[in-house]
Amino acid sequence: MENKPYRPNRDVEEAKRHVYIAEGFATGASIHKVTGQPVVIAFNANNLIDVARELEKNHFSDRYTIAADNDSNRAGIDKALIAQSQLSNAQVVMPGFDDDDKKSFAEKFNGVATDFNDLYLLRGNEVTRKQVTENTVLSEDEKMKDDRKIEEVKEKDIEKVVLPESSNIDDIATKQVPVSKLDEDKEVEEEVKEEENY
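Everything numeric in this text was worked out from a predicted model, so none of it was measured. (Residues numbered from 1 in each chain as written. Predicted model: local features only at pLDDT ≥ 70, side-chain atom pairs only at ≥ 80, totals over all residues. Heavy atoms only, no water.)

Here the focus is the pattern of salt bridges. This structure, assessed with the given rule, holds six salt bridges. In this structure, Asp50 and Arg53 form a salt bridge, with 3.5 Å as the shortest nitrogen-oxygen distance. One end of the pair is Asp50 and the other is Arg53, both in helix α3 (residues 47–57) and three residues apart, which spans about a single turn. In this structure Asp50 comes out as partly exposed when scored by relative accessible area, which is 41%. (Salt bridge = Lys/Arg side-chain N within 4 Å of Asp/Glu carboxyl O. Helix = DSSP H or I, 4+ residues; strand = E, 2+ residues; numbered from the N terminus. Buried < 20%, exposed > 50% of the residue type's maximum accessible area, 1.4 Å probe, protein only.)

On to the sheet that holds strand β2 (residues 39–41). The pairing of strands in a sheet comes from backbone hydrogen bonds and takes either a parallel or an antiparallel form. Read from one edge to the other, the open sheet built from five strands follows the order β2-β1-β3-β4-β5, with strand pairing classed as mixed. Edge positions in the open sheet fall to β2 and β5 (136–137), since each of these has one partner strand only. The strands touched by helix α6 (residues 116–134) are β1 (19–22), β3 (64–67), β4 (90–93) and β5; relative to β4, the strand with the most contacts, the crossing angle is about 145 degrees. (Pairing = 2+ DSSP bridges. Contact = heavy atoms within 4.5 Å. Axes fitted to C-alpha atoms, helices over the stretch in contact; angles between N-to-C directions.)

Looking now at unusual backbone geometry. Here the phi dihedral of Phe43 falls at roughly 75 degrees; this positive angle occurs in a residue that is not glycine. Along the chain, Phe43 turns up in the loop between β2 and α3. Positive phi outside glycine occurs at Arg74, with the angle close to 70 degrees.

Glancing now at the side chain of Thr35. Structurally, Thr35 is set in helix α2 (residues 25–35). The exposure class assigned to Thr35 is buried, which follows from its relative accessible area of 15%. Looking at Thr35, its side chain comes within polar contact range of the main-chain oxygen of Ile31, at 2.7 Å. (Polar contact = N/O pair within 3.5 Å; in protein donor to acceptor, adjacent residues only side chain to side chain.)

Okay, the pairing of β1 next. A two-sided burial pattern is seen for β1, the buried positions comprising Val19 and Ile21 on one face and Tyr20 and Ala22 on the other. As paired elements, β1 and β3 share four bridges and run parallel to each other. Opposite Ala22, over in β3, you have Ala67 as the bridge partner. Crossover connection from β1 via α2 to parallel β2: handedness right-handed. (Right-handed = clockwise from strand over helix to strand, strands pointing away.)

Turning to its location among the elements, Glu126 is positioned in helix α6. Classification of Glu126 by relative accessible area gives exposed; the value is 56%. Glu126 sits 91 residues away from Thr35 along the chain, and the two C-alpha atoms are 9.9 Å apart. A distance of 2.6 Å separates the side chain of Glu126 from the side chain of Arg129, its partner in a polar contact.

Okay, the side chain of Thr65 next. You can see Thr65 is positioned in strand β3. According to the relative accessible area criterion, Thr65 is buried, its value standing at 0%. A distance of 3.3 Å separates the side chain of Thr65 from the side chain of Gln91, its partner in a polar contact.

The next thing to look at is the nonpolar core. Residues Ile21, Leu48, Leu55, Tyr64, Ile66, Leu87 and Val92 are the most contacted members of the largest nonpolar core, which totals 20 residues. Looking at this core, the elements with two or more residues in it are β1, α3, β3, α4 (75–85) and β4. When residues of this core are assigned to their parent elements, the largest contribution, five residues, is made by α3. Beyond its immediate chain neighbours, meaning those up to four positions away, Tyr64 contacts His18, Val19, Ile21, Leu55, Glu56, His59, Leu87, Asn89, Ala90 and Gln91. In this structure, Val93, Phe97, Ala113 and Phe116 belong to the second largest nonpolar core, which totals 14 residues. (Core = buried A, V, L, I, M, F, W, Y, C linked by side-chain atoms within 4.5 Å.)

Quick look at the structure:
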């Protein structure tokens with residue numbers, strides 16, 4: 001994406017529709033470069049929460065994307081998820097690094113890859129743009145909603161289970177037997193009993 005000149009009126013209008021929030025300046029600059037979108041810089045993870053509150057209080061934008069750092073101690077993602085809870089319409093994205101990325105970054109820059117600027121230095125525009133726009137992290141509330149949806153689907157798909165009479169409780173506890181299978185077993189058992197009675 002080409003570097004665009006700063007146009008205050010246009011950038012303010014764009015920010016009203018959608019704005020990114022980043023921890024550091026380099027991360028914010030990389031996000032702006034690959035998306036062309038306005039970015040608010042918080043300057044550290046702890047400040048993400050206060051920045052989010054101020055933006056929400058002033059109705060700064062209709063939609064927010066918080067770019068969390070992928071720290072080994074989870075500081076970035078934890079603070080970003082709290083900041084997300086302060087905003088009425090926000091998502092959190094976080095860069096992903098595979099083992100090759102981590103090794104390459106350590107060799108080239110003698111450090112640990114954690115943020116979108118590190119990703120940009122390693123992988124360039126396209127990969128960074130893709131991750132910035134797609135690597136969404138679910139909040140705990142969203143995870144719970146997704147888990148409930150999965151459970152609802154499971155409940156609909158699983159046949160009602162009828163347990164056979166058994167003296168071995170372990171057999172009953174460890175097996176889910178479909179109704180149709182039980183019916184077949186019962187028919188076979190009755191046929192065997194009839195033959196034995198002859």
